[in-house]
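Listed below, chain by chain, are the residues.
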Amino acid sequence: MADTAPVLKAVVPAAGLGTRFLPATKATPKEMLPIVDKPAIQYVVEEAVDAGLTDVLMITGRNKRSIEDHFDRAYELEEALEAKGDDDRLASVRESADLAIMHYVRQGEPKGLGHAVFCARQHVGNEPFAILLGDDMIDARDPLLRRMIEVRQRHGGSVVALMEVEPDQVSAYGSAAIEATDEDDVVRITDLVEKPPEGEAPSNWIIIGRYVCDPEVFNVLENTPPGRGGEIQLTDALRTLADMPSEKGGGVYGVKFRGRRYDTGNKLEYLRTVVQFASERDDLAEDFLAWLHDFVRDHPVPSARP
Ligand code: UTP
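All residue numbers here refer to positions counted from 1 along the written sequence of the relevant chain. For this predicted model, a pLDDT threshold of at least 70 governs which residues receive local features, and a threshold of 80 or more governs which side-chain atom pairs are given and counted, while totals over whole chains, interfaces and linings are taken from all residues. The side-chain figures draw on all heavy atoms in the structure; neither hydrogens nor water molecules are used.

Caption draft 1: Main features of the site of the ligand. Residues are labelled near a given molecule or strand when at least one of their non-hydrogen atoms is within 4 Å of it. For the ligand, the set of nearby residues contains 19 residues, the closest of which are Gly18, Thr19, Glu31, Gln107 and Gly112. Nitrogen and oxygen atoms within 3.5 Å of one another constitute a polar contact, given that in protein one can donate a hydrogen and the other can accept it, and given that sequence-neighbouring residues count only through two side-chain atoms. Interatomic distance of 2.9 Å between a backbone N/O atom of Arg20 and an oxygen atom of the ligand. One nitrogen or oxygen atom from the main chain of Lys111 is found 3.4 Å from an oxygen atom belonging to the ligand. Across the complex, the protein chains shield 84% of the 570 Å² of accessible surface that the ligand would expose by itself. Only DSSP runs of H or I reaching four residues or more are called helices, and only runs of E reaching two or more are called strands; each is numbered from the N terminus. Of all the secondary structure elements, the ones that give two or more residues to the shell around the ligand are strand S1 (9-14) and helix H5 (113-118). Its residues assigned to classes, the shell around the ligand comprises eight nonpolar, six polar and five charged. Accessible surface area values rest on a Shrake-Rupley calculation with a 1.4 Å probe, where residue burial reflects the displayed protein chains alone. Amino acid classes used here: Ala, Val, Leu, Ile, Met, Phe, Trp, Tyr, Cys and Pro are nonpolar; Asp, Glu, Lys and Arg are charged; the rest, including Gly, are polar.

Set out below in structure tokens:
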């Protein structure tokens, strides 16, 4: 059922413990780790703004200060750069403060992604909204969120982003049971399973960190008990919504994404992302790639060493 209510607000959960990146994340949220010289979370906010969402609510945890400071003015720093006439750096410092209207709410205890999203209830109210995970980046050249908003307006309900992975990878993610629709990149979700045991996944399509949700998700989350890992799982709430396709706010669709995605919450992927972004930078590519070629030549893969 079409629902043309506009999607205006973005929720960015960034309150996880980031244990995979300790000790770097002891006092810094993992979302603030730099991709060359810009924190991952700034790319995520830029993506929301590119999709027309300029009201951004961050769900923060115990280390929220650095995130708030990053999206705020930094007068002392700006004055110092102004005095030096360093206009480029001054612009880069101001850019993050001028991006969007930022709001913050604290999760308190990291009781899971579902619980983090529930903390957005009061700010979001009774409107559809987008969720962008703060450690998951989508390449700006492959817009996904706009397409998801279109799908939500056409079908109503909630929309998740899906990516196809190798069968032996599925058990690390949430996997979706899907049914085709009349659009090639859109599927109906009939079931969702968080981290299915190997061989039991309903498909090779996994859920990635972009969602457009009907506000009904808050009512469902309120009654969703802790699931896997003792955490309140967003996937469990979405499964409930997928089970009630003809009720108000129910039904879940998936958009098949075939573009570039960077999961910066994972060490190997984080390193790949930094290398890739550095290789595409006008100010770094030539020197960096020259060094990288030599480095790779001198460092064979350990398993291939004689
Ligand atoms: P992850 O499971 O990747 O984050 O959650 P994590 O728990 O911080 O990571 P590890 O496994 O310990 O390294 C995905 C997203 O949801 C947020 C995280 O900040 C991340 O952006 N999240 C997760 C919350 O905001 N609150 C939570 O309670 C859990």
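Caption draft 2: Here's a closer look at unusual backbone geometry. Backbone torsion omega between Leu22 and Pro23 reads 5°, so that peptide bond is classified as cis. Looking at the element boundaries, Pro23 is found in the loop between S1 and strand S2 (34-35). A positive phi angle, near 40°, is found at Lys195, a position not held by glycine. Residue Lys195 is classed as partly exposed on the basis of its relative accessible area, which comes to 33%. Remark: exposure states derive from per-residue accessible area (1.4 Å probe, protein chains only) relative to the maximum for the residue type, with buried under 20%, exposed over 50%, and partly exposed in between.

Caption draft 3: Examining a negative patch on the surface more closely. On the surface, Glu164, Glu166, Asp168 and Glu198 cluster together into a patch of negative charge. As for its position among the elements, Glu166 is in the loop between strand S8 (158-164) and strand S9 (174-180). Residue classification places Glu166 among the exposed residues on the basis of a relative accessible area of 55%. A patch consists of residues whose relative accessible area exceeds 30% and which take part in no salt bridge; residues with like charges are grouped when within 9 Å of each other, and nonpolar side chains (Val, Leu, Ile, Met, Phe, Trp, Tyr) when within 5 Å. Basic side-chain nitrogens of Lys or Arg form a salt bridge, by our definition, when they fall within 4 Å of a carboxyl oxygen of Asp or Glu. When charges are counted, Lys and Arg contribute as positive and Asp and Glu as negative, whereas His and the chain ends are disregarded. We put the charge of a Lys on NZ, of an Arg on CZ, of an Asp on CG and of a Glu on CD.

Caption draft 4: Broad picture of the environment of Thr60. Looking at where Thr60 falls in the secondary structure, it is placed in strand S4 (residues 55-60). Taking the C-alpha atoms as reference, Thr60 lies 32 Å from Thr190; in sequence the two are 130 residues apart. The contact criterion used throughout is that any non-hydrogen atoms of two residues lie within 4.5 Å. Contact partners of Thr60, with chain neighbours within four places excluded, come to Ala14, Ala15, Ile67, Tyr104, Val105, Arg106 and Gln107.

Caption draft 5: Examining the nonpolar core more closely. Working definition of a nonpolar core: buried Ala, Val, Leu, Ile, Met, Phe, Trp, Tyr and Cys residues. They are joined through side-chain atoms within 4.5 Å. Ranked by internal contacts, the top residues of the largest apolar core, which has 46 residues, are Met58 and Leu145. Sort the elements by how many residues they give to this core and helix H1 (residues 40-50) lands first, with five residues. Non-local contacts of Leu145, meaning those with residues more than four positions away in its chain, are made with Glu47, Ala48, Ala51, Leu53, Ala130, Leu132 and Val212. Residues Ala116, Tyr211, Leu221 and Leu241 belong to the second largest nonpolar core, which totals 33 residues.

Caption draft 6: Highlighting the pattern of salt bridges. All chains considered together, the criterion is met by 31 salt bridges. Put simply, Lys9 and Glu127 hold a salt bridge, and the shortest N to O gap is 3.6 Å. Of this pair, Lys9 sits in strand S1 while Glu127 sits in the loop between helix H6 (121-124) and strand S6 (129-132); the two residues are 118 residues apart in sequence, bridging distant segments of the chain. Classification of Lys9 as buried rests on a relative accessible area of 14%.

Caption draft 7: Highlighting the packing of helix H3 (residues 75-84) against helix H4 (residues 87-98). Lines fitted to the C-alpha atoms define the axes, with helices restricted to the stretch that makes contact. Angles between their N-to-C directions range from 0 to 180 degrees. It is the contact of H3 with H4, at a shortest axis distance of 9 Å, that shows an interaxial angle of 160°. One finds that H3 runs roughly antiparallel with respect to H4. Like other packed secondary-structure pairs, H3 and H4 cross with a definite hand, here left-handed. Contact residues: H3 offers Leu77, Glu78, Leu81 and Glu82, while H4 offers Arg89, Leu90, Val93 and Arg94. When grouped by side-chain class, the residues that make up the contact of H3 with H4 number four nonpolar, no polar and four charged. Roughly parallel means an angle under 35 degrees; roughly antiparallel, over 145; roughly perpendicular, 65 to 115; everything else is oblique. Throughout, a crossing is termed right-handed when the near helix is turned clockwise from the far one, and left-handed when it is turned anticlockwise from it by less than a right angle.

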